[in-house]
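For reference, the chains in residue letters:
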Amino acid sequence: MPNSTLASVTVPSLNAARSARERLARAGFARNSVDIERHGNAFEVSIKTKEENQERAQRVLSGSALGNDMREAGARALDAFHGNRLLALGLAAIAGFAIFSFTHRR
């Protein structure tokens, strides 16, 4: 790849390396262009990319694994909400009734 650079990060576990690869894939980078190499007890995640994309790739690689986990949990919760609309409507009605009864006490 002409005019290409390497963006990389070292992480402590294989799960963290896979999480970094998933973040890159969601950001639009090709999953098969991400390399994961083991170095002792750590793993290096690297991607060869164009110079103009190097900063963005490095920013994605340096992103928080906790933030990624929170984003995935939110997506799963939203999928569960959409899959059980009747249950969600019932829970919203109960919450609304509870708020109404607490605010209108004498």
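Computed from a predicted structure; not experimentally measured. (Residues numbered from 1 in each chain as written. Predicted model: local features only at pLDDT ≥ 70, side-chain atom pairs only at ≥ 80, totals over all residues. Heavy atoms only, no water.)

**Q** What exactly am I supposed to notice about the nonpolar core here?
**A** The nonpolar side chains of a soluble globular protein tend to be buried, and buried together. Formed by 15 residues in total, the largest nonpolar core has its most connected members in Val 11, Leu 24, Val 45, Ile 47, Ala 57 and Leu 61. Only strand 1 (4-11), helix 1 (14-26), strand 3 (42-50) and helix 2 (51-61) provide two or more residues apiece to this core. Leaving out residues up to four positions away in the same chain, Ile 47 has contacts with Thr 5, Leu 6, Ala 7, Leu 24, Phe 29, Ser 33, Val 34, Ala 57 and Leu 61. (Core = buried A, V, L, I, M, F, W, Y, C linked by side-chain atoms within 4.5 Å. Buried < 20%, exposed > 50% of the residue type's maximum accessible area, 1.4 Å probe, protein only. Helix = DSSP H or I, 4+ residues; strand = E, 2+ residues; numbered from the N terminus. Contact = heavy atoms within 4.5 Å.)

**Q** How should I be thinking about the pairing of strand 3 in this particular structure?
**A** Consecutive residues of a regular strand have side chains that alternate between opposite faces of the sheet. Bridge count for strand 1 against strand 3 is eight bridges, and the pairing is antiparallel. Within strand 3, the residue paired with Ala 7 across the bridge is Ile 47. As paired elements, strand 2 (residues 34-39) and strand 3 share six bridges and run antiparallel to each other. Bridging across to strand 3, Arg 38 finds its partner in Phe 43. (Pairing = 2+ DSSP bridges.)

**Q** Which parts of the structure should I look at to understand a nonpolar patch on the surface?
**A** Residues Leu 87, Leu 91 and Ile 94 make up a contiguous nonpolar surface patch of roughly 330 Å² in combined accessible area. You can see Leu 87 is positioned in helix 4 (residues 85-103). By relative accessible area, which is 54% here, Leu 87 ends up exposed. (Patch = residues over 30% accessible without salt bridge, like charges linked within 9 Å, V, L, I, M, F, W, Y side chains within 5 Å. Areas by Shrake-Rupley, 256 points an atom, 1.4 Å probe, with all protein chains shown as cover. Salt bridge = Lys/Arg side-chain N within 4 Å of Asp/Glu carboxyl O.)

**Q** Any chance you could explain the pattern of salt bridges here in plain terms?
**A** Any two side chains of opposite charge can pair, given that their charged atoms come close. All chains considered together, the criterion is met by two salt bridges. Residues Glu 22 and Arg 31 are paired through a salt bridge, measuring 2.3 Å at the closest nitrogen-oxygen approach. For Arg 31, a relative accessible area of 42% puts it in the partly exposed group. The salt bridge involving Arg 59 is made with Glu 55; its shortest N-O contact spans 3.8 Å. Taken together, the residues span about one helical turn, with Arg 59 and Glu 55 both in helix 2 at a distance of four residues. Residues Arg 59 and Glu 55 agree in their burial class; the two are exposed.

**Q** How should I be thinking about the side chain of Ser 46 in this particular structure?
**A** Position of Ser 46 relative to the elements: it lies in strand 3. The residues touching Ser 46, leaving out its near neighbours within four places in the chain, are Leu 6, Ala 7, Ser 8, Ser 33, Val 34 and Asp 35.

**Q** Just checking my understanding: could you explain helix 1 for this structure?
**A** For helix 1, with 13 residues, the first-to-last C-alpha span of 18 Å sits near the 18 Å given by 1.5 Å per residue. Three or more residues of helix 1 are buried, namely Ala 16, Ala 17, Ser 19, Ala 20, Arg 23 and Leu 24. The arc that holds every buried residue of helix 1, seen down its axis, measures 160°, which confines them to one face. With its phi angle positive at about 105°, Gly 28 sits one or two positions after the end of helix 1. (Expected span 1.5 Å × (residues − 1). Arc of directions from axis to C-beta.)

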